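# What the coordinates show
Read off the chains here:
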Amino acid sequence: MPDIDQFIAAKALTDLTIALIEAPSENPGGTEEAAVAVLADACRRVGLTVSTQEVEPGRPNLTATLPGGPGPGLMFLGHSDVVPAGPGWTGDAFRPRIAAGRIVGRGSADMKGGLAAIVIAMGALASAGVKLTGPVELVCTVDEEDSGLGARDYVAQQFNSTYRGCVVAEPTKLRIVHGCRGAAYVHIDITGRAAHSGRPSDGRSAINAAAAIIDVITMDDLAAHPDPILGPGSWNVGLIEGGQTISTVAPMCYLGVDRRLIPGEQMTDIVDRLRARIDAAGISGNGIDVTLRPTLDTPAFVTAPDDPLVADSAAVLAELSLPSEVSTWSAACDGGFINRELGVPAIVLGPGDINGQAHQADESVAISELVDAARAYARIALRMLG
């Protein structure tokens, strides 16, 4: 195997991660255009061919390619958006700083550090002049943190591309995740009838109806039908907004609901079943109207532990003296779209900690972990395509 490590430098990884963080791409609330421009320039500098596809104004997907032979390629997948900074930071979330060997800033772990590691790994392969049986591609999508617009647009554009596997660079502490639950977001709008609070029987409370819907959701016995690898799905009511004034029977209420999916589940079936259970409970009608609006529909996936993508990745981590066992994830990611729509085996393997750092104040990633990630990515490509 060529000496790839000589082309992977901690400074290059640090500089690119910082530059990506300094290009804010909060979602919702902004666009990914500036971050994608930084990423595109970095890809071109290391010798990759870059193309972009605008999904919505100011929201471009990016594909960067290291050419290879005519065989199937290897995809590395990431996203350019980050969640809003939120409160609690000890400094500006988009003015990254280095503390105790870690880069601190919004998106450092989820997942601009992972993107930087992919670019530097692909650049190392280019600099080493290795011959590959197929291309290596970085696919960077927009809107992963909200409704998956970028991934859905990307898979809809693919007609002839074939891949031996897809490595999603989401933060897993560089552990191999071979299965992820999916995610469906359901927005529930409830309309009632306003009345004076002194005579609540004259109205129909949308808040009371929302409480009844929450009861319907929480009584769903998902544990009775688990996936053998990922376990059962789950419900979470994450948002509730409603009412007009304290002295008025609530004429409206809104619920934002998350349903984690297991393989084989479809968002349309989930929504139809929930609507039927709401109707069976007698919640809608007689002055109460309930509307369900599904948005995000990220599929679940499981890749067999003996698949070459999993086996080769585990071998590479072992070579680097890193943990090589496989596990599953309770989170969802764009890899589900690649697996379901393109039939490509997928794993999640990236620097950073999704539970300890992602979406939190003072989010950070270790520079040493970025170096390990870049080394691992380059070696996986060599093992699969070299």
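In this text the structure is predicted, and so the values were computed from the model without any measurement.

What follows deals with the layout of surface pockets. A probe as big as a water molecule, rolled over the atoms, marks out the empty space that is left. Its boundaries defined by the atoms lining it, the largest pocket holds a volume of some 580 Å³. Lining the largest pocket are 23 residues, with Val83, Glu145, Asp146, Tyr185 and His359 sitting closest to its centre. Contributions of two or more residues to the lining of the largest pocket are made by strand S9 (182-191), strand S11 (252-261) and strand S12 (289-298). For the second largest pocket, the full set of lining residues is Tyr185, Val186, His187, Asn236, Gly238, Leu239, Tyr254, Gly256, Val257 and Asp258. Elements with a minimum of two residues in the lining of the second largest pocket: S9, strand S10 (234-242) and S11. Residue contributions to the lining of the second largest pocket peak at four residues, all from S11. Considered class by class, the residues forming the lining of the second largest pocket number five nonpolar, four polar and one charged.

Further remarks concern the sheet that holds strand S4 (residues 97-99). Read across the open sheet, the three strands follow the order S4-S5-S16; overall the sheet is antiparallel. The open sheet has two free edges, formed respectively by S4 and strand S16 (364-366), since each of these has just one partner strand. Neighbour to neighbour, the strand axes of the sheet diverge by 30° on average, direction disregarded. Relative to strand S5 (residues 102-104), S4 runs antiparallel, the two sharing three bridges.

Quick look at the sheet that holds S9 now. An order of S10-S11-S9-S12 is seen for the four strands of this open sheet, with the pairing classed as antiparallel. Two strands lie at the open edges of the sheet, namely S10 and S12, each paired on one side alone. The sheet shows a mean angle of 20° between the axes of neighbouring strands, taken without regard to direction. Where S9 meets S11, 10 bridges bridge the pair, whose relative direction is antiparallel. When the sheet's bridge partners are listed, alanine 184 is paired in S11 with arginine 259.

Following the criterion strictly, the structure yields 19 salt bridges and no others. The shortest N-O distance in the salt bridge between arginine 293 and aspartate 189 comes to 2.6 Å. Residue arginine 293 is found in strand S12, and its partner aspartate 189 is found in strand S9; the two are separated by 104 residues along the sequence. Sharing partners across several salt bridges, the network here consists of Glu32, Glu56, Arg59 and Asp143.

Another aspect to go through is the pairing of strand S3 (residues 73-79). In terms of burial, S3 is a largely internal element, seven of the seven residues being buried. Side chains of S3 alternate between two faces, with Gly73, Met75, Leu77 and His79 and Leu74, Phe76 and Gly78 buried alike. Pairing geometry for S3 and strand S7 (residues 163-168), over five bridges, is parallel. Among the inter-strand pairings, leucine 74 is bridged to a residue of S7, identified as glycine 165. Bridging between S3 and strand S6 (residues 136-141) involves six bridges; their strand directions are parallel. Counted as the bridge partner of leucine 74 is valine 136 from S6.

Definitions and cut-offs
Residues numbered from 1 in each chain as written. Predicted model: local features only at pLDDT ≥ 70, side-chain atom pairs only at ≥ 80, totals over all residues. Heavy atoms only, no water. 1 Å grid on protein atoms, 1.4 Å probe; cavity = no way out; pocket = protein on both sides within 12 Å on 5 of 7 lines; lining within 4 Å. Points joined across faces, edges and corners; volume = space filled by probe spheres on them. Helix = DSSP H or I, 4+ residues; strand = E, 2+ residues; numbered from the N terminus. Nonpolar A, V, L, I, M, F, W, Y, C, P; charged D, E, K, R; others polar. Pairing = 2+ DSSP bridges. Axes fitted to C-alpha atoms, helices over the stretch in contact; angles between N-to-C directions. Salt bridge = Lys/Arg side-chain N within 4 Å of Asp/Glu carboxyl O. Buried < 20%, exposed > 50% of the residue type's maximum accessible area, 1.4 Å probe, protein only.

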